[in-house]
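# Structural overview
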Amino acid sequence: MLKVIGILLIAAVILWMEVPPLLEKKDKKELVVFSIFLVIGLGLSIAQGLGKPIPNPLDLLTLVFKPIHDVLVR
């Protein structure tokens, strides 16, 4: 639980540092993209902090390209 609190505090500091300049420049699109990436990263960090397994993107690529490789190698 202490890890989750630490992660949330770090995310709050990042928000505190990054959001005001985006609001001053009225960069709404950049703010939306920043928020999406922050939420994704925050969710993955909390899951990892709680000891949950994080899927590896390479596993998905292997699942997709392994059958293609097997067909081409034959």
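Residues numbered from 1 in each chain as written. Predicted model: local features only at pLDDT ≥ 70, side-chain atom pairs only at ≥ 80, totals over all residues. Heavy atoms only, no water.

### A closer look at the pattern of salt bridges
When the charged atoms of two side chains with opposite charge come close together, those side chains can pair. Our working rule: By definition here, a salt bridge exists when the distance from a side-chain nitrogen of Lys or Arg to a carboxyl oxygen of Asp or Glu is within 4 Å. The helix count covers DSSP runs of H or I at least four residues long, the strand count covers runs of E at least two residues long, and both are numbered beginning at the N terminus. Partly exposed describes any residue whose relative accessible area lies between the buried limit of under 20% and the exposed limit of over 50%, with all areas from a 1.4 Å probe on protein chains only and scaled to the type maximum.
Taken as a whole, this structure holds one salt bridge when the rule is applied. D70 is the salt-bridge partner of K66, the closest N and O atoms lying 3.3 Å from each other. Taken together, the residues K66 and D70, both in helix α3 (residues 57-73) and four residues apart, mark about one turn of the helix. Looking at D70, the relative accessible area reads 30%, which means it is partly exposed.

### Points about the confidence of the model for the protein
Keep this limit in mind: Per residue, pLDDT measures the predictor's confidence, with a range of 0 to 100.
Across the protein, the average pLDDT comes to 93, with 100% of residues at or above 70. Here α3 stands out as the least confident element of the protein, with mean pLDDT 91; helix α2 (residues 28-49) is the most confident, with 95.

### Concerning α3
Heads up, the condition is: Helix span, as expected, comes to 1.5 Å for every residue beyond the first. Bend is the name given here to the angle between axes fitted to two runs of seven residues, the run ending at a residue and the run starting at it.
Over its 17 residues, α3 extends 24 Å from the first C-alpha to the last, a length consistent with the 24 Å expected when each residue adds 1.5 Å. The principal kink in α3, of about 35°, is found at F65, preceding the proline P67 by one to four residues.

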